[in-house]
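Coordinates in review
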Amino acid sequence: MESVPHKITRMTSELSRDASLREAADAAIPAALADLGALVRIPSVAFPGFDRAEVERSATAVAALLDDLAIFETVEVKTAVISETGQPGMPAVIATRRARNGRPTILLYAHHDVQPAGDDALWDTPPFEPTVIGGRLYGRGAADDKAGVMAHVGALRALVDTVGTDIDLGISLFIEGEEEAGSASFAQFLSDNADALRADVIVVADSGNWDAVTPALTVSLRGNARFTMGVKTLEHASHSGMFGGAVPDAMMATTKLLSTLWDDDGAVAVAGLLERDAPTPDYTEQTLRDEAGLPEGVSPVGRGTILSRIWNKPSITVTGIDYPSVKNASNTLTPELSVVISARVAPGQPAAEAFAAIEAHLREHAPFGAQLSFRDVDLGDPFLVDTSGWAVAQARATLEAGYGAAPVDIGVGGSIPFIADLVREFPGAQILVTGVEDPHARAHSPNESLHLDTFRNALRSEALLLAELNDTTV
Ligand SMILES: [Zn+2]
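As the structure is a computational prediction, the values presented were derived from the model and not from experiment.

Examining the nonpolar core
Core analysis: the biggest nonpolar cluster contains 61 residues, and Ile-106, Ile-171 and Phe-455 have the highest contact counts within it. Core analysis: the second largest hydrophobic core is formed by 34 residues, Ala-92, Ile-94, Leu-197 and Ala-216 among them.

This is the structure we're talking about:
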């Protein structure tokens, strides 16, 4: 019977702790948004051909924010070597504080590099100029994933405001600098820094939510297989009037070949690509039209429930082509061309196996004996999160408290290939995939934006989770 009053006292103190945390989290928002704006102004694109100095500048800015918290034993900007090339990877920021008094250690992940802006003309506001319109903050990286960085920093600020800097919880941050560019040195970075990064719970803040008001835990991710295919049908170019109609040009062969990748419903038609059989929540065609920008009169593609098509089945997209541009079009039979093919792989199928199936399909269906070549193959395995751990239950509870709505378990059609690396390096850790995006965030696209209420709720939830773990003995 002794435990009953003890439990009641603890709950009362927890309630008042949570109330002050919530206040501290809300008070942390203006500064977090100002710091987010400053990060968005740095065009930290880690792709080849972009200025590496900007990625370094953004790493330094993130390190300064972590230093200012005054809770870490170490804050460093570091790189690891890319094993394939021997070149240094992009600068990441790593901060550590050891656990005390039997408390767990949490590792907070986000990335400070961003996608290129693409065509500036497609943006309604300048991509690297943070702009608030209608409750959203616009800018490249405003959501993916500089808001993830600031959700961590803001939640830590709220925690320090509430419990002080005398924290028992072990806390590490790993803010990557090359996630959008393929995380080439990630595995090496993990093994170089395994002791600093080892944790009981890992929060990967690089995913999304069910909608602007309903939080989500991401429990499955598709993998990816991306490659460049060369198609050659002629030894040299010719006047299209001289030989057109008697020999195939590269575009003719390519369009016929690519059309075999999908059936009449637009579903992937490649033998050997697997699907996962799992239930999905209700999601209407109207919501799909609204979130994806699909106009009336244009039909969706694929079969089965809409979310099963996005979460549990493969997809194939042609994302680039090297071919004469409209401006340079002349009456010529083009002898060869290259296309980039980007496939999403269903949870459960290794990406290498999926790529092998697609390559075999393309070779088998090449029309007129067209010569195919494959290069720049980039593979990332899909992932299914183990949701049986105690930290998952705590995360669900704190998400519900922070958003005021119960979280939904979601799959994600996109890929976070490094999660497989994290699990390999730290098999005992519980992984929580969360995020600040909502379905209108348009990550990777023009007019990327952050929903400000979602950001506040995410920051609140994370502060509550940190406090909860700070009171948990393992
Ligand atoms: Zn991201």
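Side note on the pattern of salt bridges
This structure, assessed with the given rule, holds 25 salt bridges. Where Arg-17 meets Glu-468, a salt bridge forms, and the shortest distance between an N and an O atom there is 3.1 Å. Of the two residues, Arg-17 is situated in helix 1 (residues 3–27) and Glu-468 in helix 14 (residues 452–470); the sequence distance between them amounts to 451 residues. Residue Arg-17 is classed as buried on the basis of its relative accessible area, which comes to 11%. Between Arg-17 and Asp-471 there is a salt bridge whose closest N-O contact spans 2.5 Å. Note that Arg-17 is positioned in helix 1 and Asp-471 in the segment after helix 14, a separation of 454 residues in sequence. Look at Asp-471 and you get partly exposed, because its relative accessible area is 35%. Beyond isolated ion pairs, a larger network of salt bridges with shared partners links Arg-17, Asp-18, Glu-468 and Asp-471.

Looking at helix 11 (residues 351–365)
Taking 1.5 Å per residue, 15 residues should reach 21 Å; helix 11 reaches 21 Å between its end C-alpha atoms and fits that length. Turning to helix 11, its buried residues are Ala-351, Ala-354, Phe-355, Ala-357, Ile-358, His-361 and Leu-362. All buried residues of helix 11 fall inside an arc of 160 degrees around its axis, so they share one side. Those residues of helix 11 that are buried are in contact with strand 9 (223–232), helix 8 (250–258), strand 11 (315–322), strand 13 (336–345) and strand 14 (371–380).

A look at the coordination of the zinc ion
At the metal site, the zinc ion is ligated by His-111 (NE2), Asp-144 (OD), Asp-206 (OD) and Asp-206 (OD), and these contacts range over 1.9 to 2.8 Å. Around the zinc ion, the four donor atoms are arranged such that angles at the metal cover 50 to 148 degrees; this shape is classified as irregular. When the donor residues of the zinc ion are listed from N- to C-terminus, their spacing reads H-x32-D-x61-D. Highlighted residues: Asp-144 in the loop between strand 5 (136–138) and helix 4 (146–163) and Asp-206 in the loop between strand 7 (201–205) and strand 8 (216–221), separated in sequence by 62 residues.

Rules of the game
- Residues numbered from 1 in each chain as written.
- Predicted model: local features only at pLDDT ≥ 70, side-chain atom pairs only at ≥ 80, totals over all residues.
- Heavy atoms only, no water.
- Core = buried A, V, L, I, M, F, W, Y, C linked by side-chain atoms within 4.5 Å.
- Buried < 20%, exposed > 50% of the residue type's maximum accessible area, 1.4 Å probe, protein only.
- Salt bridge = Lys/Arg side-chain N within 4 Å of Asp/Glu carboxyl O.
- Helix = DSSP H or I, 4+ residues; strand = E, 2+ residues; numbered from the N terminus.
- Expected span 1.5 Å × (residues − 1).
- Arc of directions from axis to C-beta.
- Contact = heavy atoms within 4.5 Å.
- Donors = N, O, S within 2.8 Å, 3.2 Å for Na, K, Ca; no water.
- Tetrahedral: all angles 85-135°; square planar, octahedral: opposite > 155°, others 65-115°.

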